[in-house]
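Next come the chains, spelled out residue by residue.
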Amino acid sequence: MILKVTNAVYVKDYILALTFNNGEVRNFDFATVYNEGICKKLQDLTYFKQFTLDPFSVDWNNEIGFAPEFLYDNAMSA
């Protein structure tokens, strides 16, 4: 099965609740990745909250995206 993010909901701070196509919901804290390169843009909470879903994962303005496997493996169960 190809892992996909099917839904994303803002929780608080820099945390999104991500629903995956295997039915699991996991919370990912993007504060763990927002100090590197282009991900520094995520430090702007207004920008962070403007996420969308692409066909596989969560995305910010077609600039920042993460592999669903990375999100799944590094998130905590909701």
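### Observations regarding the nonpolar core
Counting residues in each nonpolar core, the largest one holds 23 residues, and the members touching the most others are Phe30, Leu42, Trp60, Phe66 and Leu71. Residue assignment for this core shows that the elements contributing at least two residues are strand E1 (5–12), strand E2 (15–20), helix H1 (45–48), strand E5 (58–60) and helix H2 (68–74). Residue contributions to this core peak at 3 residues, all from E2. Filtering out sequence-adjacent residues up to four positions away, leucine 71 remains in contact with Val5, Leu18, Phe20, Phe28, Phe30, Ser57, Val58 and Phe66.

### Things to note about the packing of aromatic side chains
How two aromatic rings sit relative to each other is given by the distance of their centres and the angle of their planes. Taken as a whole and assessed by the stated rule, the structure comprises 13 aromatic pairs. Summarising the aromatic geometry, the rings of phenylalanine 20 and tyrosine 72 are spaced 5.1 Å apart at their centres and angled 85° between planes, so their arrangement reads as edge-to-face. Of this pair, phenylalanine 20 sits in strand E2 while tyrosine 72 sits in helix H2, and the two are 52 residues apart along the sequence. A residue is classified by how much of its surface remains accessible, and phenylalanine 20, at 1% relative accessible area, is buried. Of the residues examined, tyrosine 72 reaches a relative accessible area of 16% and is grouped as buried.

### Description of the pattern of salt bridges
One pass over the full model with this rule turns up 2 salt bridges. The closest approach of N and O atoms between glutamate 24 and arginine 26, which form a salt bridge, is 3.2 Å. Here glutamate 24 falls in the partly exposed class, since its relative accessible area comes to 29%.

Scoring rules and cut-offs
Residues numbered from 1 in each chain as written. Predicted model: local features only at pLDDT ≥ 70, side-chain atom pairs only at ≥ 80, totals over all residues. Heavy atoms only, no water. Core = buried A, V, L, I, M, F, W, Y, C linked by side-chain atoms within 4.5 Å. Buried < 20%, exposed > 50% of the residue type's maximum accessible area, 1.4 Å probe, protein only. Helix = DSSP H or I, 4+ residues; strand = E, 2+ residues; numbered from the N terminus. Contact = heavy atoms within 4.5 Å. Phe/Tyr/Trp six-rings, centres within 6.5 Å; stacked < 30°, edge-to-face > 60°. Salt bridge = Lys/Arg side-chain N within 4 Å of Asp/Glu carboxyl O.

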